[in-house]
Amino acid sequence: REPGRVGEAVPQEIPPDPPLLPSTLSLPSSHPSLPVAGGDTGWADSEVDSSCAGQPIHLWQFLKELLLKPHNYGRFIRWLNKIEDSAQVARLWGIRKNRPAMNYDKLSRSIRQYYKKGIIRKPDISQRLVYQFVHPV
DNA sequence: GAAAAGGAATTCC
DNA sequence: GGAATTCCTTTTC
């Protein structure tokens, strides 16, 4: 009864501490815009279809429908994820790469190397801790 | 003050 | 050799 706000998906919570090694960190390449912290967040597909038996649809349901089909509506509305805890993300990356001295300064430098390669870029309206995967051609 | 942006040197596979 | 790391300075938010 308290759906996340649309436009920015705020991860509910970050795994406390466990040095988990998600070997298959699925980066939704289908999403046009997102940061490095990925995964579905916020509202699970609890009441996906908005057909609550003739009840008039709620706005938030409608918005979710659009968000669910980025292929159709991604140009108009889409989830935007952002890095919430840069230090933690860097720490996880350091664990994955066995680089204990990793930090966000270095991680972000590596991300910036992607700019000229056209893999990741900064969104048109640059925001802190927000990057954008470039659509593959 | 933390994040962004790069240049440059170094390290790793 | 390429990707990533390390280190650094300057600029922006």
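Source: prediction; values computed, not measured.

With respect to the protein's contact with DNA strand C
Argument step 1. The full set of residues close to DNA strand C is Trp93, Lys97, Arg99, Met102, Asp105, Lys106, Arg109, Ser110, Gln113, Tyr114, Lys117 and Arg128.
Argument step 2. Here a phosphate oxygen of DNA strand C sits 3.1 Å away from a polar atom, N or O, in the side chain of Lys106.
Argument step 3. A distance of 3.0 Å separates a phosphate oxygen of DNA strand C from a polar side-chain atom of Ser110.
Argument step 4. Counting residues per element, the surface near DNA strand C draws most heavily on helix 4 (residues 104–113), at five residues.
Argument step 5. Classifying every residue of the surface near DNA strand C by side-chain character gives three nonpolar, two polar and seven charged.

Notes on the protein's contact with DNA strand B
Argument step 1. Near DNA strand B you find Ser86, Arg99, Tyr104, Arg109, Arg112, Tyr115, Lys122, Gln127, Arg128, Leu129 and Tyr131, and these make up its full shell.
Argument step 2. Atoms of DNA strand B within 4 Å of the protein belong to the sugar or the phosphate in 44% of instances, the rest to bases.
Argument step 3. Within the side chain of Tyr104, a nitrogen or oxygen atom sits 2.6 Å from a phosphate oxygen of DNA strand B.
Argument step 4. Here Lys122 contributes a side-chain N or O atom positioned 2.9 Å from a phosphate oxygen of DNA strand B.
Argument step 5. Here the residues of the surface near DNA strand B sort into four nonpolar, two polar and five charged.

So, unusual backbone geometry
Argument step 1. One non-glycine residue, Asn98, lies in positive phi territory at about 55°.
Argument step 2. Position of Asn98 among the secondary structure elements: in the loop between helix 3 (86–96) and helix 4.
Argument step 3. When its relative accessible area of 62% is taken as the criterion, Asn98 is described as exposed.
Argument step 4. Although it is not a glycine, Leu129 adopts a positive phi angle of roughly 65°.

About the thresholds
Residues numbered from 1 in each chain as written. Chains lettered and ligands numbered in written order. Predicted model: local features only at pLDDT ≥ 70, side-chain atom pairs only at ≥ 80, totals over all residues. Heavy atoms only, no water. Near = heavy atom within 4 Å. Polar contact = N/O pair within 3.5 Å; in protein donor to acceptor, adjacent residues only side chain to side chain. Helix = DSSP H or I, 4+ residues; strand = E, 2+ residues; numbered from the N terminus. Nonpolar A, V, L, I, M, F, W, Y, C, P; charged D, E, K, R; others polar. Buried < 20%, exposed > 50% of the residue type's maximum accessible area, 1.4 Å probe, protein only.

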